[in-house]
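Fold and geometry: a report
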Amino acid sequence: MQLVGISASVVVGTLVVIALWAVRRRLLARERELDRKAEELAVSRAAELRLGEELVEARRAEEEARRARAEAEAASRAKSAFLANMSHELRTPLNSILGFAQLMERDLSLGDRHRENLAVICKSGEHLLGLVNDILEMAKIEAGRMTLADADFDLHAMLSGLSEMFAVEAQKRGLTLTVEREQDVPQHVHGDEGKLRQVLINLLGNALKFTPRGSVTLRAWARRGTGAPDGAAAAPTRVSFEVIDTGRGMAREEIEELFEAFAQTAAGRRSGEGTGLGLHISRRIVRVMGGDMQVESQLGRGTTLRFDVRLTLADEGDARSGGAARRPPARRVVGLSPGQPRYRVLVVDDRWDVRHCLLKLLDSVGVEVRSATNGLGAVAQWETWAPHLVLLDLRMPLLDGYETATRIKSSPRGRETVVVAMTASAFEQNRSLAAEAGCDDFLSKPFRDADIFDLLTKHLGARFDHEDRPAERRPAPAAPAVDLARAAAGLPASLRKDLRRAATRLDAKAVQAAIDRFRPEDAELAGAVAELARGYRFDSILALSSADEEEPS
């Protein structure tokens, strides 16, 4: 019995030990599980902290992006305002320069010498206007403000018009100008005729300018799209153009920079003309029109510029009515035709020179004309004098042109008065704002005398007597037919340096003194440089005096 008792005690003890060991193992397992969960919780909390930090960083980045976007929009608005102001400030004096020059050209008592001087003024003014337009066009493109004014037009007529436009220039330079149009080129298309014409004029002008001998060819062909069935009016068509010349050509390194803004080839720098923006703008226009531009050139063999645009087919009747009308050669207006009413025109502008120019122009052809310096005066003159037409500047003190037009057009009598908005701004939004204010038409400064007479004919039905022959502006005396760059390179280095220094300072007297020093040796070159000085083309003189430095060694 005693042995049985001992054995039972041993068994019980063993079972107790086993039970305790099992409990301990479960406790250890539980402890490890708790440790693992604690670690997971710590990891989770660390992840939450990281996520919180990332959310804070994301909010900070979003706020910075929002602030940067607001600053960019403010900068864009400031840039637009700057461009609008610069456009106005540059175009307004140009309007006076060209306007008074045209007035003086109408004076039949002027001698040939004065007319030659006027031709230089007009040519230089129009050259400056072209440069301003190029810079503003590039700015509008970069700001994303260039839009297409699509309409139906006659593509064949446009190409024929370009041929006629450049025929005289080609003949004068002794070049052969050819316009080739393949049979698949559609006649009536829908697109931006003005911008397509601008690109082609730029390419043809460059080709003629840099081709001393040989030919210039404009070729056009088309490729019909597959997005619409045959005969569909809106079928897409890709029309390609290329301008080929037999001119000087370009080196490979010049081709790589050809489309960069303000970049010019060596020939372009020697010519002293342009800003180097023409091809840059043309390529951007072509890309907006759904195409691209490429160039192929060999030095001494000529250049080919090729591009394509996307157009759509148009109805023949719509193209005839919507395309740009081909105007007959302009003839100088000498006065109102007999048997017409005495037309009354009110000129409203805060600048004396603009008012004075328009007063003299309209008075010279028999139109009764008065003026006002601001919107308040314009409304008073309109109420008491009842003009048939109001030429209204948009930017004026006291009461601007928009509010003035709104006040005039708010009454039944005012709705019968023709109001034409005038502005020197280059942005199209002014046109739409003027139309919303009630203006019947829009006139951009600087304008030509023919633009004013066209407005009177369009809105009042005025008829004018013209000169028997088309009014042709007498060209400025041409420079002698010599290679000026090569001749200038033959001058002594000290003389070239003095000429370059004088041209840099815009010192006409110093330029003339330098010319007098080499006139005995080369009278032809002296006469050509003196003609540039009389036309204030110091940029061309500077290019000539530096021509030898631009030639490859």
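Residues numbered from 1 in each chain as written. Predicted model: local features only at pLDDT ≥ 70, side-chain atom pairs only at ≥ 80, totals over all residues. Heavy atoms only, no water.

So, the overall build of the protein chain
Summing up its helical and strand segments, the protein chain has 20 helices and 14 strands in all. Considering the protein chain as a whole, with its 553 residues, one finds that 39% of them fall into the buried category. Of the contacts made within the protein chain by residues no fewer than 6 positions apart, 72% connect residues no fewer than 24 positions apart. Summing over all exposed atoms, the protein chain offers an accessible surface of approximately 30800 Å²; the carbon and sulfur share of this is 53%. (Helix = DSSP H or I, 4+ residues; strand = E, 2+ residues; numbered from the N terminus. Buried < 20%, exposed > 50% of the residue type's maximum accessible area, 1.4 Å probe, protein only. Contact = heavy atoms within 4.5 Å. Areas by Shrake-Rupley, 256 points an atom, 1.4 Å probe, with all protein chains shown as cover.)

Considerations on helix H4 (residues 193-209)
For H4, which comprises 17 residues, the first-to-last C-alpha distance of 24 Å matches the rise-based estimate of 24 Å (1.5 Å per residue) to within 8%. Where H4 is concerned, the buried positions are Glu193, Lys195, Leu196, Val199, Leu200, Asn202, Leu203, Leu204, Ala207 and Leu208. With a side-chain oxygen positioned 3.1 Å from the backbone nitrogen of Lys195, the residue opening H4 is Asp192. (Expected span 1.5 Å × (residues − 1). Polar contact = N/O pair within 3.5 Å; in protein donor to acceptor, adjacent residues only side chain to side chain.)

Things to note about the confidence of the model for the protein chain
Regions with low pLDDT carry predicted coordinates that are not meant to be interpreted in detail. Confidence along the protein chain averages 75 in pLDDT terms, with 72% of residues attaining 70 or more. Mean pLDDT across the elements of the protein chain ranges from a minimum in helix H20 (residues 547-550), with 44, to a maximum in strand E9 (residues 344-348), with 91. pLDDT under 50 marks residues 266-275. Its contacts with residues more than four places away, or in other chains, come to 30 contacts. Contacts from residues 470-482, a stretch scored under 50 in pLDDT, to residues over four places away or in other chains number 21 contacts. (pLDDT = per-residue confidence, 0-100.)

Thoughts on the environment of Gln183
Looking at the secondary structure, you find Gln183 in the loop between strand E2 (176-181) and strand E3 (188-191). Looking at Gln183, the relative accessible area reads 85%, which means it is exposed. Note: C-alpha distance between Gln183 and Ala220 (37 residues apart in sequence) is 9.4 Å.

Observations concerning the pairing of E9
Counting buried positions along E9 gives 4 out of 5 residues, so the element sits mostly inside the fold. Sheet topology note: the E9/strand E10 (residues 368-372) ladder contains 5 bridges and is parallel. Paired with Leu346 across the two strands is Arg370, which belongs to E10. Handedness of the β-α-β unit built from E9, helix H9 (residues 352-364) and E10 comes out right-handed. With 4 bridges joining them, E9 and strand E11 (residues 389-393) adopt parallel strand pairing. From the neighbouring strand, Val348 faces E11, where its bridge partner is Leu392. (Pairing = 2+ DSSP bridges. Right-handed = clockwise from strand over helix to strand, strands pointing away.)

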